[in-house]
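If you want the building blocks of each chain, they are given just below.
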Amino acid sequence: MGSLFDFMLPELKSPMTGASTDALMAFIHIVSFIILAGVSIAMIYFAIKYKRKSENDKTPLITHNNTLEITWSVIPLLLVFVVFGWGYKGWLNLKTVPDNAYEIQVSAYKWGWTFKYETGAQVGNEVHVPAGRPVKLVMQSQDVLHSFFVPDYRIKQDVLPNRYTYVWFQAEEAGESQVFCTEYCGTSHSDMLAKVIVHTEEDFKAWLDEQGTGGGGTPVERGEQLATLQGCVSCHSVDGSDGIGPTWQGLWEQERNFEDGSSEVADQNYIRESILDPGSKIVEGYQNQMVSYEGRLSDDDISDIIEYIKTLEE
């Protein structure tokens with residue numbers, strides 16, 4: 001039944017979570033079409049049959065018809081019960097995660113996503129998963145309300161600060177799917193995108209092995225990785241282009257002018273203060289939309305980011 005309406009939806013890539021949703025949507029469309037056609041035909045028929053044909057025609061007085069009134073009340077009520085029961089069953093399926101699900105921790109922030117694996121590996125704005133196995137995403141927000149939506153899997157779940165939420169899916173074949181944030185979360189809400197990249201089981205293990213524990217590389221490499229994972233580059237460009245915040249290109253040891261008329265050279269102390277207390281000094285021409293990274297970045301993390309900023313020369 002769902003195939004009649006496939007053209008209205010993206011290809012279903014997680015039948016275990018989306019088949020029931022598609023079937024229910026198809027049922028609602030078919031019933032709606034039948035009701036629309038029936039009402040339209042009846043209206044046209046009655047308009048012709050009871051059209052006033054002369055000035056002597058008189059409209060008969062009709063008070064009620066018990067059979068008709070019961071019919072058009074009971075049938076819609078039964079349809080509502082069917083839709084509710086069908087939808088409730090689908091909701092229970094989405095809330096019941098299979099025991100063998102592979103779990104990934106998800107952190108949302110303005111305006112990006114970080115995905116953390118059991119091995120310690122972290123990836124920004126793309127989540128790699130194995131095909132043919134249930135995947136559970138345990139999610140939380142670092143700032144405001146976000147929402148994780150993958151149309152291909154028919155899943156959507158709000159992501160809240162100070163509270164964990166979860167969603168699961170099972171992609172059957174290797175490929176890619178788009179992730180959207182569907183709760184307005186600020187200026188760059190529409191840029192808060194990510195990808196679900198599905199590998200075969202063997203390729204996923206190889207990819208995960210390549211990621212190591214997420215802490216490797218030089219300080220500059222770790223700083224660059226952290227800047228992506230923590231969403232710094234979502235607001236601070238590294239190529240000199242304008243953004244929500246001032247660019248990092250050429251920042252190191254340059255004089256910064258602030259909204260209160262003061263100025264300061266961008267050294268280690270200034271950058272560290274900007275990360276931990278972003279509202280203390282607002283760069284001229286910008287607004288403070290940054291949240292503090294106190295508790296989210298260690299001293300070593302901040303040092304690595306500073307080493308990375310040093311390399312971004314004009």
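Since the structure is predicted, the reported quantities are computational estimates derived from the model, not experimental observations.

Draft legend 1. Structural view of the sheet that holds strand 1 (residues 102-109). Across the sheet, which stays open at both edges, the five strands sit in the order 3-2-1-5-8 with mixed pairing between neighbours. Looking at the sheet topology across the chains shown, the edges are occupied by strand 3 (122-124) and strand 8 (165-169). In this sheet, adjacent strand axes meet at a mean angle of 25° when their direction is disregarded. Pairing of strand 1 with strand 2 (residues 112-116), which is carried by five bridges, proceeds in the antiparallel orientation. When the bridges of strand 2 are listed, Tyr 109 appears paired with Gly 112. Packing of helix 4 (residues 219-229) onto the sheet brings it into contact with strand 1, strand 2 and strand 3, and relative to strand 3 it is tilted by some 60°.

Draft legend 2. Representation of the pairing of strand 7 (residues 155-159) within the structure. Residues of strand 7 alternate between two faces, with Ile 155, Gln 157 and Val 159 buried on one and Lys 156 and Asp 158 left unburied on the opposite face. Taken together, the five bridges between strand 6 (residues 146-150) and strand 7 define a ladder with antiparallel strand orientation. Residue Ser 147 lies in a different strand from strand 7, and its bridge partner there is Asp 158.

Draft legend 3. Broad picture of empty space enclosed by the protein. Under the criterion given, the structure shown has two cavities of 30 Å³ or more. Here the largest cavity defines a volume of roughly 570 Å³. When contributions to the lining of the largest cavity are tallied by element, the ones reaching two or more residues are helix 5 (232-235) and helix 6 (268-276).

Draft legend 4. Region of the structure containing the UniProt feature "transmembrane region" (unreviewed entry) in the protein chain. Mapped onto the present numbering, the UniProt feature "transmembrane region" (unreviewed entry) falls on residues 23-48 and 69-88. The distance separating the terminal C-alpha atoms of residues 23-48 is 38 Å; by composition the span is 100% helix and 0% strand. In the segment residues 69-88, helix accounts for 100% and strand for 0%; the C-alpha atoms at its two ends are 29 Å apart.

Rules used in this analysis
- Residues numbered from 1 in each chain as written.
- Predicted model: local features only at pLDDT ≥ 70, side-chain atom pairs only at ≥ 80, totals over all residues.
- Heavy atoms only, no water.
- Pairing = 2+ DSSP bridges.
- Helix = DSSP H or I, 4+ residues; strand = E, 2+ residues; numbered from the N terminus.
- Axes fitted to C-alpha atoms, helices over the stretch in contact; angles between N-to-C directions.
- Contact = heavy atoms within 4.5 Å.
- Buried < 20%, exposed > 50% of the residue type's maximum accessible area, 1.4 Å probe, protein only.
- 1 Å grid on protein atoms, 1.4 Å probe; cavity = no way out; pocket = protein on both sides within 12 Å on 5 of 7 lines; lining within 4 Å.
- Points joined across faces, edges and corners; volume = space filled by probe spheres on them.
- UniProt positions renumbered as here; feature names shortened; annotations may be inferred.

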